[in-house]
Number of protein chains: 2
Amino acid sequence: MKNQTFIPIPEEIITKTLDELTFSSQGSSQSSSQGLIPAIAQQYDSGEILMMAWMNADAVRETLHSGIICYWSRSRGVLWRKGETSGQIQMLKNFRYDCDRDTILLLVDQKGVACHTGRRNCFFYETTSSGIKTVRDVEIDPEDLYPK
Amino acid sequence: MKNQTFIPIPEEIITKTLDELTFSSQGSSQSSSQGLIPAIAQQYDSGEILMMAWMNADAVRETLHSGIICYWSRSRGVLWRKGETSGQIQMLKNFRYDCDRDTILLLVDQKGVACHTGRRNCFFYETTSSGIKTVRDVEIDPEDLYPK
């Protein structure tokens, strides 16, 4: 799978990026030898924050190579090509990282919904002065996202 | 310091929020007994992602109580009342968290700049097909942020 509108990043620039980023063992990775870095996914045109997940070096490399977002699943201990099962893929628009080089910001074009609950984004709980509320509706039935 | 436009969250709702959130030892905390959770700060009206930092339970409690963002500094091992020295505080508008309850999204009103480099946000490095670029200018001289 390729992102057709994406200009692939040359190998030497991918390697330079990986050299700059700080991967740590903070992510309670299944394989403790492999460092992780948090990655925030933001819808590139609306600014909506979709989700936060983790990447290892292989996930960063695949993402910059293909233009399709690939994370590292801490629970399953494998590369997580988001949308591979559900079709809800994220196309890379811009790959940024922060001043400390320990957090990635992915500007993406999300197909469908980002959240496994069928909501557009994962940040739907809100603590307010009158209680904890759910501030976003389900757009796609999770049973349709992950057919049995 | 208080956020004047903020309606304080009642104690029982703060406690319920803390019960819901998952704090882990992932953050390489100085005090390993105290769990941390990543928190993304987003400018509430523009959607700009300002920074990502960490909170412990005390930081969440103080933030929900005062309406002024307080993080946990992993490097210094203390509560980090952002802007206490520089004046670049973040006023809480909305406190959200995600489906897995392991990441916080802070919608804030950032006074001045979020980044210690004097840039509005911390995500100013971008990997492109022609190299790694700096995509944001310094707005305030860091020497003016942290006078000696």
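It should be noted that the structure appears before, not after, this text.
Residues numbered from 1 in each chain as written. Chains lettered and ligands numbered in written order. Predicted model: local features only at pLDDT ≥ 70, side-chain atom pairs only at ≥ 80, totals over all residues. Heavy atoms only, no water.

Draft legend 1. Broad picture of the interface of chain A and chain B. Taken residue by residue, the interface counts 47 residues in chain A and 47 residues in chain B. The junction of chain A with chain B conceals about 3,700 Å² of combined surface from both sides, 63% of it contributed by carbon and sulfur atoms. For the interface between chain A and chain B, the tally reads four salt bridges. For the interface between chain A and chain B, the tally reads 16 residue pairs in polar contact (both at pLDDT 80 or more). Looking at the side of chain A that touches chain B, the elements that each hand over two or more residues are helix H1 (11–20), strand E1 (37–43), strand E2 (49–55), strand E5 (90–97), strand E6 (104–110), strand E7 (125–128) and strand E8 (131–134) of chain A. Considering only residue class, the side of chain A that touches chain B consists of 23 nonpolar, 15 polar and nine charged. The pairing of E5(A) with strand E7 (residues 125–128) of chain B spans three bridges and is antiparallel. Bridge pairing in E7(B) places A:Phe95 opposite B:Thr127. (Contact = heavy atoms within 4.5 Å. Buried area = accessible area lost by both parts, 1.4 Å probe. Salt bridge = Lys/Arg side-chain N within 4 Å of Asp/Glu carboxyl O. Polar contact = N/O pair within 3.5 Å; in protein donor to acceptor, adjacent residues only side chain to side chain. Helix = DSSP H or I, 4+ residues; strand = E, 2+ residues; numbered from the N terminus. Nonpolar A, V, L, I, M, F, W, Y, C, P; charged D, E, K, R; others polar. Pairing = 2+ DSSP bridges.)

Draft legend 2. Fine view of the nonpolar core. Counting residues in each nonpolar core, the largest one holds 62 residues, and the members touching the most others are A:Met55, A:Leu106, B:Met55 and B:Leu106. Setting aside residues up to four positions removed in sequence, B:Leu106 forms contacts with B:Ala39, B:Ile40, B:Ala41, B:Gln42, B:Met55, B:Ile69, B:Tyr71, B:Leu92, B:Asn94 and B:Phe95. Of all hydrophobic cores here, the second largest spans 16 residues; its members include A:Leu105, B:Leu36, B:Ile40 and B:Met52. (Core = buried A, V, L, I, M, F, W, Y, C linked by side-chain atoms within 4.5 Å. Buried < 20%, exposed > 50% of the residue type's maximum accessible area, 1.4 Å probe, protein only.)

Draft legend 3. Fine view of the side chain of A:Thr128. On the secondary structure map, A:Thr128 appears in strand E7. Judged by its relative accessible area of 14%, A:Thr128 is buried.

Draft legend 4. Representation of the packing of aromatic side chains. A complete count under the given rule lists six aromatic pairs over all chains for this structure. Relative to B:Tyr97, the ring of A:Tyr125 has its centre 5.2 Å away and its plane inclined at 25 degrees; by these criteria the two rings are stacked. Here B:Tyr97 lies in strand E5 (residues 90–97) and A:Tyr125 lies in strand E7, a pairing that spans two chains. Ring pairing ties together the aromatic residues A:Tyr97, B:Phe124 and B:Tyr125, which thus form one cluster. Taking the ring centre of A:Phe124 as reference, the NZ or CZ of A:Arg119 above it sits at 3.9 Å. (Phe/Tyr/Trp six-rings, centres within 6.5 Å; stacked < 30°, edge-to-face > 60°. Lys NZ or Arg CZ within 6 Å of the ring centre and 35° of its normal.)

Draft legend 5. Quick look at the relation of the copies chain A and chain B. At an RMSD of 0.0 Å, chain A and chain B line up after a rotation of 180 degrees and a shift of 0.0 Å along the axis. Those values place the two copies in the arrangement expected of a two-fold rotation axis. A share of 100% of the interface residues of chain A reappears at the interface of chain B, consistent with the copies meeting face to face through the same patch. (Least-squares fit on C-alpha atoms with pLDDT ≥ 70 in both.)

Draft legend 6. Up close: unusual backbone geometry. Unlike most non-glycine residues, A:Arg101 shows phi in positive territory, near 60 degrees. One can find A:Arg101 in the loop between E5 and E6.

Draft legend 7. Layout of the packing of H1(A) against helix H2 (residues 57–66) of chain A. Residue and element names in this part refer to chain A. It is the contact of H1 with H2, at a shortest axis distance of 10 Å, that shows an interaxial angle of 145 degrees. The interaxial crossing formed by H1 with H2 has right-handed handedness. The residues of H2 that touch H1, namely those facing Glu11, Ile14, Thr15, Thr17 and Leu18, are Ala57, Val60, Arg61, Leu64 and His65. (Axes fitted to C-alpha atoms, helices over the stretch in contact; angles between N-to-C directions. Left-handed = near helix turned anticlockwise from the far one by under 90°.)

Draft legend 8. Just the pattern of salt bridges, in detail. Throughout the structure, instances matching the rule amount to 18 salt bridges over all chains. Between B:Glu20 and B:Arg101 there is a salt bridge; the shortest N-O distance is 3.4 Å. Of this pair, B:Glu20 sits in helix H1 (residues 11–20) while B:Arg101 is found in the loop between E5 and strand E6 (104–110), placing the two residues 81 residues apart along the sequence. For B:Glu20, a relative accessible area of 25% puts it in the partly exposed group. If you follow the salt bridges from partner to partner, you end up with A:Glu48, A:Arg120, A:Arg136 and A:Glu139 in one network.

Draft legend 9. Molecular detail of H1(A). All of the buried residues in H1(A) are A:Ile13, A:Ile14, A:Thr17 and A:Leu18. Seen from one end, H1(A) has its buried residues packed into an arc of 140 degrees, which puts them on one side. Opposite the packed face of H1(A), turned more than 90 degrees from it, sit the exposed residues A:Glu12 and A:Asp19. On its buried face, H1(A) is in contact with H2 and E5 of chain A together with E7 and strand E8 (131–134) of chain B. (Arc of directions from axis to C-beta.)

Draft legend 10. Expanded view of the side chain of A:Ser86. All names here are of chain A. With respect to the helices, strands and loops of the structure, Ser86 is situated in the loop between strand E4 (78–81) and E5. Since its relative accessible area comes to 17%, Ser86 is described here as buried. Dropping the residues within four chain positions of it, Ser86 is found in contact with Leu145 and Tyr146.

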